[in-house]
Amino acid sequence: MQIFRGIHHPRLAEACAVTIGNFDGVHIGHLALIEKLIAESKKRKLTPAVMTFEPHPKEFFIPENAPSRLTTLREKLEFFLGYGIEKVFVCAFNQKFSNISSEAFMHQILREQLKAEE
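### Re the layout of surface pockets
- As a volume, the largest pocket reaches approximately 250 Å³.
- Considering the residues around the largest pocket, the lining is formed by 13 residues, among which Ala17, Val18, Ala116, Glu117 and Glu118 are closest to the centre.
- Here the residues of the lining of the largest pocket are counted per class, giving 8 nonpolar, no polar and 5 charged.

### Examining the pattern of salt bridges
- According to the stated counting rule, one finds 7 salt bridges in the structure shown.
- The residue Glu14 makes a salt bridge to Lys87 at a minimum N-O spacing of 3.4 Å. With Glu14 in the loop between β1 (2–5) and β2 (16–20) and Lys87 in strand β4 (residues 87–92), the pair connects residues that are 73 residues apart, well separated along the chain.
- Of the charged contacts, one joins Glu78 and Arg74 as a salt bridge, the two residues approaching to 3.7 Å between their closest N and O atoms. Taken together, the residues span about one helical turn, with Glu78 and Arg74 both in helix α3 (residues 73–82) at a distance of 4 residues.
- By relative accessible area, which is 62% here, Arg74 ends up exposed.
- Residues participating in the shared-partner salt-bridge network are Lys36, Glu40, Lys43 and Arg44.

### Some thoughts on the packing of aromatic side chains
- Overall, the coordinates contain 9 aromatic pairs when judged by the stated rule.
- Aromatic pair Phe79 and Tyr83: ring centres 4.9 Å apart, planes at 45 degrees, arrangement tilted.
- Here Tyr83 falls in the partly exposed class, since its relative accessible area comes to 37%.
- Judged by centre distance (5.5 Å) and plane angle (55 degrees), the rings of Phe93 and Phe97 are tilted.
- Given a relative accessible area of 11%, Phe93 falls into the buried group.
- Residue class for Phe97 comes out buried when judged on its relative accessible area of 12%.

What counts and what doesn't
Residues numbered from 1 in each chain as written. Predicted model: local features only at pLDDT ≥ 70, side-chain atom pairs only at ≥ 80, totals over all residues. Heavy atoms only, no water. 1 Å grid on protein atoms, 1.4 Å probe; cavity = no way out; pocket = protein on both sides within 12 Å on 5 of 7 lines; lining within 4 Å. Points joined across faces, edges and corners; volume = space filled by probe spheres on them. Nonpolar A, V, L, I, M, F, W, Y, C, P; charged D, E, K, R; others polar. Salt bridge = Lys/Arg side-chain N within 4 Å of Asp/Glu carboxyl O. Helix = DSSP H or I, 4+ residues; strand = E, 2+ residues; numbered from the N terminus. Buried < 20%, exposed > 50% of the residue type's maximum accessible area, 1.4 Å probe, protein only. Phe/Tyr/Trp six-rings, centres within 6.5 Å; stacked < 30°, edge-to-face > 60°.

Rendered as structure tokens:
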């Protein structure tokens, strides 16, 4: 499994299927999402990838009301590895990241940089 700190790296060589989330306290819903990602990746011959955030966006926006962490980053990465995720993008959730428009996120980051496919 490759782990990327952030999204600012050279474009990837191969297309990815990407799911996005915090994946804290990995639960049955997360598991279902990962299983669907793996199945779609195999079906479409894409690399399965996850984008997650550090810190949790709520920690950034409302630090006094931030949720307690249920899972460490290391535990999340071990979970992803165990389910066959090949690439993980750990994005620093900060002011710069929070200012990215949804359109820029979809087109510039997901499609152009990560080569995510619909």
